[in-house]
Amino acid sequence: MRTAQLRRWLVGLGLFATAAVGVTACGDKYGDAGTHDPARTAERARQVSDAWEGSAAARVWREGYFPLGDPVRLPDGAFHSDADKQAYQRQNFELRGSLPGAPPKKGEVRWRGGGSLAVPVVSARAAYEQIGGGSGPGPGPRLTVTGARLGEMTIHTSRGSATVPAWHFTIKGYDTPLKRVAVVASKLPKPPVKPVPDLTEDLWELAGLDTVSRDGRTVVLRAHHGSCDDGPGVDVLESADNVVFSAWIRNPSDGPCTKELRAKKVTVKLDRPVGDRMLLDAFTGRPVPYEDSPWSRSSSWS
């Protein structure tokens, strides 16, 4: 099976599948993706880096609001029980109370390093649906929401730490609220470089950004790999303007292999702090989105 067909097939099933869904020879499964060529990877990374440096897209990125952190803050002490944790992970919420009506049309994003931006505010109902309350409570453990108010929270963004409007949901049994960002991310600029053609490179698309250390020198990414290999590898190319990550797969086996696509955290050490540099994916040619869970990614990244 060729790389493009495999990628489309697996993404259709879900990026984080863990159950075996068939068996194939790993040589057929990975195709050219199993042969890592550092020189070719570096060439692609340089192409992406040069395309973004000084581009109109980079200016849009640096002027907009692009969250790179978890849009949800859990209540203090969460969770009181395994049942509550399970309810959150399954997005099983029940509303017993009323939610506020229409919010102000605009809210202010304020960056710690200076500057602000007015962005649209979503309703409490829309935010409630984003944390999993849209389909109504299902079977099993659930978290009960009794009300909400509009407040604030901090989140890491492409321009550093920012204070943003957030809905504070009161959760039964907890003294502090569950917070969910209440503002809409800016529209992603059109990348100045096209993604890699599916059948020509050993690169794989990153699953997302996990964390950036407080000193900015360590980045944790989520990278894809299969079920018969030594996991993902990530090469890095740093410039004054951006950091490009190139994800690939280590030592795929030639034996029988289940058709799975997994995600694993990979820690990358940088030569200097991220600062205001862009974090780019060599495969897509786009900024790396934050992704900690299926519902954490902003709609602007889709």
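These lines cover the structure that appears in this document, whether it is placed above or below. (Residues numbered from 1 in each chain as written. Predicted model: local features only at pLDDT ≥ 70, side-chain atom pairs only at ≥ 80, totals over all residues. Heavy atoms only, no water.)

1. Some points on the sheet that holds strand S11 (residues 232–238)
Okay, step 1: Strands sit in the order S11-S12-S15 across an open sheet of three strands; the sheet is mixed. At either margin of the open sheet sits one strand with a lone partner, and together these are S11 and strand S15 (278–281). Averaged over all pairs of adjacent strands, the angle between strand axes in this sheet comes to 25°, irrespective of strand direction.
Okay, step 2: When S11 meets strand S12 (residues 242–249), the two strands line up antiparallel, connected through seven bridges. Paired with Leu237 across the two strands is Val244, which belongs to S12.
Okay, step 3: Its contacts with the sheet put helix H3 (residues 38–52) on S11, S12 and S15, and the angle it makes with S12 is roughly 150°. (Pairing = 2+ DSSP bridges. Helix = DSSP H or I, 4+ residues; strand = E, 2+ residues; numbered from the N terminus. Axes fitted to C-alpha atoms, helices over the stretch in contact; angles between N-to-C directions. Contact = heavy atoms within 4.5 Å.)

2. Points about unusual backbone geometry
Okay, step 1: Backbone torsion omega between Ala78 and Phe79 reads 10°, so that peptide bond is classified as cis.
Okay, step 2: Inspection of the secondary structure assignment puts Phe79 in the loop between strand S2 (72–73) and helix H5 (82–89).

3. Some remarks on H3
Okay, step 1: Between its first and last C-alpha atoms H3 spans 21 Å; for 15 residues at 1.5 Å apiece the expected length is 21 Å, and the two agree.
Okay, step 2: Here H3 starts with a cap whose side-chain oxygen sits 3.1 Å from the backbone nitrogen of Ala39, and that cap is Asp37.
Okay, step 3: Count one or two residues on from H3 and you reach Gly54, which has phi positive near 75°. (Expected span 1.5 Å × (residues − 1). Polar contact = N/O pair within 3.5 Å; in protein donor to acceptor, adjacent residues only side chain to side chain.)

4. Observations regarding the side chain of Thr284
Okay, step 1: By the secondary structure assignment, Thr284 is in the segment after S15.
Okay, step 2: A residue is classified by how much of its surface remains accessible, and Thr284, at 14% relative accessible area, is buried.
Okay, step 3: A distance of 3.1 Å separates a polar side-chain atom of Thr284 from the backbone nitrogen of Arg286.
Okay, step 4: What Thr284 contacts, discounting residues up to four positions off in sequence, is Arg44, Val193, Lys194, Pro195 and Glu205. (Buried < 20%, exposed > 50% of the residue type's maximum accessible area, 1.4 Å probe, protein only.)

5. Brief notes about the sheet that holds strand S14 (residues 262–269)
Okay, step 1: The sheet built from three strands is open, its strands ordered S9-S10-S14 with antiparallel pairing. Looking along the sheet, the strands with just one partner apiece sit at the ends: strand S9 (208–212) and S14. Each strand of the sheet is rotated relative to its neighbour by a mean of 25°, with strand direction disregarded.
Okay, step 2: Here S9 pairs with strand S10 (residues 218–225) via four bridges, running antiparallel. Looking at S10, one finds that Thr211 is bridged to Val220.

6. Topic: the nonpolar core
Okay, step 1: One finds Tyr65, Phe93, Val164 and Phe169 to be the most contacted residues of the largest nonpolar core, which totals 32 residues.
Okay, step 2: When residues in this core are grouped by element, the largest group, six residues, is from strand S7 (residues 160–171).
Okay, step 3: Every residue in contact with Tyr65, bar those within four places of it in the chain, is listed here: Val109, Trp111, Leu117, Val119, Ile155, Thr157, Val164, Val181, Val183, Val184, Ala185 and Ser186.
Okay, step 4: The next biggest cluster of nonpolar side chains, apart from the first, holds 17 residues, and it includes Trp52, Ala57, Met278 and Ala282. (Core = buried A, V, L, I, M, F, W, Y, C linked by side-chain atoms within 4.5 Å.)

Function cannot be inferred from these measures alone, as they are strictly geometric.
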